[in-house]
Amino acid sequence: MRTIWLDGAQWLAVLRIGLGLWWLESWRHKDKKGWFARGTGIAWASDVAGKHRWPMVRTGFEKIVAPRPKAMAYLVVYSELALGLGLVTGLLTPVALVAGLLLNLLYLVLMIHDWAEQGQNAMMALISLVALFAMSWQTWSLDRAFGLFL
């Protein structure tokens, strides 16, 4: 593979790190007080799920998320932080990539009507797939330093 400036594995590491920074930005810009103290994030998602055209989304939200809004708020917010840190540092990278892909797919399904969000979720999911199948943890990662996932 011919590349400019960096080799192919290094460019994949750049892609992985960039995805991690994207997750960190998603975490950073969240109003944590709103999510945790006032339940704004889950309330918004509940409104979206309640109007969803697919019954399975409404039912799934009502059975899984609605009964435990505080726990789900912490799960969402700190999942984004963990994904970002894992991808930037390259620690447990395949786990972070699969978890991030699943979270993006959940966001994609929940917000199927919001085209502004769909582009972001689709691109993050695509980057996760490329980074996973290209084993982007081979360069500039703690996984490499610890000899994980070789």
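Predicted model, so just to flag it, every value in this text is computed and none were measured. (Residues numbered from 1 in each chain as written. Predicted model: local features only at pLDDT ≥ 70, side-chain atom pairs only at ≥ 80, totals over all residues. Heavy atoms only, no water.)

**Quick notes on the packing of aromatic side chains**
Thought 1: The tally for this structure, following the rule as stated, stands at six aromatic pairs.
Thought 2: When the centroid spacing of 6.4 Å and the interplanar angle of 55° are considered together, the rings of Trp23 and Tyr107 count as tilted. Separated by 84 residues along the polypeptide, Trp23 in helix α1 (residues 8–28) and Tyr107 in helix α6 (residues 93–110) bring together distant segments of the chain.
Thought 3: For Trp23, a relative accessible area of 1% gives the class buried.
Thought 4: The ring of Trp27 is capped by Lys32, whose NZ or CZ atom sits 4.1 Å from the centre of that ring. (Phe/Tyr/Trp six-rings, centres within 6.5 Å; stacked < 30°, edge-to-face > 60°. Helix = DSSP H or I, 4+ residues; strand = E, 2+ residues; numbered from the N terminus. Buried < 20%, exposed > 50% of the residue type's maximum accessible area, 1.4 Å probe, protein only. Lys NZ or Arg CZ within 6 Å of the ring centre and 35° of its normal.)

**Some points on the nonpolar core**
Across soluble globular proteins, nonpolar side chains have a tendency to be buried as a group.
Thought 1: In terms of nonpolar packing, the biggest core is built from 28 residues, with Leu19, Trp23, Trp35, Ile42, Leu97 and Leu110 touching the most fellow members.
Thought 2: Listed by contribution, the elements that provide at least two residues to this core are α1, α2 (32–38), α3 (40–50), α4 (55–65), α5 (69–89), α6 and α7 (115–133).
Thought 3: In this view, Leu19 contacts Leu87, Leu97, Met124, Ile127 and Ser128; residues no more than four positions away in its chain are not counted. (Core = buried A, V, L, I, M, F, W, Y, C linked by side-chain atoms within 4.5 Å. Contact = heavy atoms within 4.5 Å.)

**Re the side chain of Ser128**
Thought 1: Along the chain, Ser128 turns up in helix α7.
Thought 2: Owing to a relative accessible area of 2%, Ser128 belongs among the buried residues under this scheme.
Thought 3: In this view, Ser128 contacts Leu19, Leu97, Gly100 and Leu101; residues no more than four positions away in its chain are not counted.

**A few points about α3**
Residue pairs spaced three or four apart in an α-helix point in one direction, given the helix's 3.6 residues per turn.
Thought 1: Turning to α3, its buried residues are Gly41, Ile42, Ala45, Val48 and Ala49. Projection of α3 onto a plane perpendicular to its axis shows the buried side chains occupying an angular sector of 120°, all on one side.
Thought 2: Tucked inside the fold, the buried residues of α3 contact α2, α4, α5 and α6. (Arc of directions from axis to C-beta.)

**With respect to the pattern of salt bridges**
Thought 1: Applying the stated rule across the entire model yields four salt bridges.
Thought 2: Its salt-bridge partner being Glu25, residue Arg28 comes within 2.8 Å of it at the nearest N-O pair. Taken together, the residues span about one helical turn, with Arg28 and Glu25 both in helix α1 at a distance of three residues.
Thought 3: Under the relative-accessibility criterion, Arg28 is labelled exposed at 52%.
Thought 4: Residue Lys30 is joined to Glu80 by a salt bridge in which the shortest nitrogen-to-oxygen separation is 2.9 Å. Taken together, the residues Lys30 in the loop between α1 and α2 and Glu80 in helix α5 connect sequence positions 50 residues apart.
Thought 5: Among the residues examined, Lys30 registers a relative accessible area of 15% and is labelled buried. (Salt bridge = Lys/Arg side-chain N within 4 Å of Asp/Glu carboxyl O.)

**What about the packing of α1 against α6?**
Thought 1: It is at 12 Å that the axes of α1 and α6 come closest, and there the two elements cross at 50°. Taken together, the axis directions place α1 and α6 in an arrangement best described as oblique. Remark: the crossing between α1 and α6 carries left-handed chirality. The segment α1 lies against α6, with Arg16, Leu19 and Trp23 engaging Thr93, Leu97, Gly100, Leu103, Asn104 and Tyr107.
Thought 2: By residue class, the composition of the contact of α1 with α6 is five nonpolar, three polar and one charged. (Axes fitted to C-alpha atoms, helices over the stretch in contact; angles between N-to-C directions. Parallel < 35°, antiparallel > 145°, perpendicular 65-115°, else oblique. Left-handed = near helix turned anticlockwise from the far one by under 90°. Nonpolar A, V, L, I, M, F, W, Y, C, P; charged D, E, K, R; others polar.)

**Considering α6**
Thought 1: Counted at 1.5 Å a residue, the expected span for α6 with its 18 residues is 26 Å, and the 25 Å between its end C-alpha atoms agrees.
Thought 2: Those residues of α6 that sit buried are Thr93, Pro94, Ala96, Leu97, Gly100, Leu101, Leu103, Asn104, Tyr107 and Leu110. (Expected span 1.5 Å × (residues − 1).)

**A few points about a nonpolar patch on the surface**
Thought 1: Together, Leu91, Leu92, Val95, Leu142, Phe146 and Phe149 make up an exposed nonpolar region whose accessible area comes to about 530 Å².
Thought 2: Residue placement: Val95 occurs in helix α6.
Thought 3: What makes Val95 exposed here is its relative accessible area of 52%. (Patch = residues over 30% accessible without salt bridge, like charges linked within 9 Å, V, L, I, M, F, W, Y side chains within 5 Å. Areas by Shrake-Rupley, 256 points an atom, 1.4 Å probe, with all protein chains shown as cover.)

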